[in-house]
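The primary structure of each chain is shown beneath.
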Amino acid sequence: MIILGVDTSLPLLSVALIRDDAVLGSVALEGKGSRNEKLLPAIDWLLTEASVDRREIDLYAVTRGPGSFTGVRIGLATVQGMALALGRPVCAMSTHEAIAPSGSRSAVADDAGRGEFYVSIYDDGREVEAPHLAPEKPQGAIIAADLHDVAIRCAQRALAIARADRLGEYADATPIYVRLAEADVKLQQKRDA
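Throughout, a residue's number is its position along its own chain's written sequence, starting from 1. Totals for whole chains, interfaces and linings use all residues, but because this is a predicted model, local features are given only for residues with pLDDT of at least 70 and pairs of side-chain atoms are given and counted only at 80 or more. Only hydrogens and water are set aside when side-chain values are computed; all heavy atoms of the structure are taken into account.

A.B. asks: Would you mind showing me how to read the overall build of the chain here?
C.D. replies: Strands here are runs of E lasting at least two residues and helices are runs of H or I lasting at least four, both read from the DSSP assignment and numbered beginning at the N terminus. A tally of helices and strands in the chain yields 5 helices and 9 strands. From first element to last, N terminus to C terminus, the chain shows the α and β order β-β-β-α-β-α-β-α-β-β-β-β-α-α. What you see for the chain is a C-alpha radius of gyration of 16 Å, in line with the 16 Å of a compact globule of 193 residues. With the C-alpha coordinates of the chain rotated into their principal frame, the extents come out at 55 × 35 × 30 Å. Only protein chains enter the accessibility calculation, which uses a 1.4 Å probe. A residue is then buried if its area is under 20% of the maximum for its type, exposed if over 50%, and partly exposed in between. In the chain, which comprises 193 residues, the share counted as buried stands at 47%. Counting contacts in the chain only where the partners sit at least 6 residues apart, residues at least 24 apart contribute 64% of the total. Only the protein chains shown count as covering a residue, and every accessible area follows the Shrake-Rupley method with a 1.4 Å probe. Carbon and sulfur atoms make up 50% of the accessible area of the chain, which totals about 9,500 Å². Of the side chains in the chain, 21 bear a positive and 27 a negative charge, and the two mean positions are spaced by 4 Å. When we talk radius of gyration, it's over C-alpha atoms, and the globule rule is simply 2.2 Å times the number of residues to the 0.38. When checking whether two residues touch, look at their non-hydrogen atoms; a contact exists if any pair is within 4.5 Å. We count Lys and Arg on the positive side and Asp and Glu on the negative side, and we leave His and both chain ends out. Charge coordinates come from a single atom per side chain, which is NZ of Lys, CZ of Arg, CG of Asp or CD of Glu.

This is the structure in structure tokens:
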């Protein structure tokens, strides 16, 4: 099974291609402010380097946040469009779920801006606490922004999900925002004033 994994929720945009348990290739690029200009060229480059035609992709895996609001939307829209055009399924998961290791209890954290963190808790790769805002990162937490291989992890997790025949549980491609976007906060403040 060939899986294309995409993460655009973090400061580093990452794309990966796996065939069963083998990583065929991956790329991580600075994504801040230009994800829409970099994502499709990164996918095209990766497919060319791996000598894989788009029509050979069996499954698309994508993170849906929390993270950059614009980045999440770009990744989801791009992956859904590609999958729809080829009639392939999409496995959409929390960015934190893609990162969470199996076999232990762990916290995953990411900078949410405004002095806060997005935090999730996992036990053996299963979500115990959904992404939420916290005033500080938990001690020993896996820091999402420190990782360059989130797309690989997303693709590998999607493979495990597909093998367990659980893709139906991951069909929801609704972004995980956790809080309102800055523009929505300002609009709400204006209405309340």
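A.B. asks: Help me out: how do you make sense of empty space enclosed by the protein in this one?
C.D. replies: To locate leftover empty space, one rolls a probe as large as a water molecule over the atoms. Throughout, the protein atoms alone are placed on a 1 Å grid, and a set of points is a cavity if a 1.4 Å probe fits but cannot get out or a pocket if it is open with protein on both sides within 12 Å along at least five of seven lines; lining residues have an atom within 4 Å of a point. Grid points are joined across faces, edges and corners, and a volume is the space filled by probe spheres set on the points. Under the criterion given, the structure shown has 1 cavity of 30 Å³ or more. Of the pockets and cavities examined, the largest cavity occupies roughly 30 Å³. In terms of lining, the largest cavity is formed by Ser14, Val15, Ala16, Ser26, Val27, Ala28, His148, Asp149, Ala151 and Ile152. Three categories are distinguished: nonpolar for Ala, Val, Leu, Ile, Met, Phe, Trp, Tyr, Cys and Pro, charged for Asp, Glu, Lys and Arg, and polar for the others, with Gly belonging to the last. Split by residue class, the lining of the largest cavity holds 6 nonpolar, 3 polar and 1 charged.

A.B. asks: What is the right way to read the pattern of salt bridges from this model?
C.D. replies: The working definition used for a salt bridge is a side-chain nitrogen of Lys or Arg within 4 Å of a carboxyl oxygen of Asp or Glu. Under the criterion given, the structure shown has 8 salt bridges. Here Arg64 makes a salt bridge to Asp172, at a shortest N to O gap of 3.8 Å. Taken together, the positions of Arg64 in the loop between strand E4 (59–63) and helix H2 (69–86) and Asp172 in the loop between helix H4 (150–163) and helix H5 (182–192) put the pair 108 residues apart, joining distant regions of the chain. The class of Arg64 is buried, set by a relative accessible area of 16%. For Asp172, a relative accessible area of 41% corresponds to the partly exposed category. For Glu97, the salt bridge identified is with Arg157, shortest N-O distance 3.2 Å.

A.B. asks: Mind showing me how you'd approach the packing of helix H1 (residues 35–49) against H2 here?
C.D. replies: What describes two packed helices is the angle between their axes and the distance between those same axes. In this description, a line fitted to the C-alpha atoms serves as the axis of each element, helices being fitted only across the stretch in contact, and the angle between N-to-C directions of two axes falls anywhere from 0 to 180 degrees. Taken N-terminus to C-terminus, the directions of H1 and H2 make an angle of 35°; their axes are 10 Å apart at the nearest point. Here the hand of the crossing between H1 and H2 comes out right-handed. For the pair H1 and H2, the contacting residues are Arg35, Asn36, Leu39, Leu40 and Ile43 in the first and Gly71, Ile74, Gly75, Thr78 and Met82 in the second. Of the residues in the contact of H1 with H2, the class split is 5 nonpolar, 4 polar and 1 charged. Crossings are sorted by hand: turned counterclockwise from the far helix by less than a right angle, the near helix makes the crossing left-handed, and turned clockwise it makes it right-handed.

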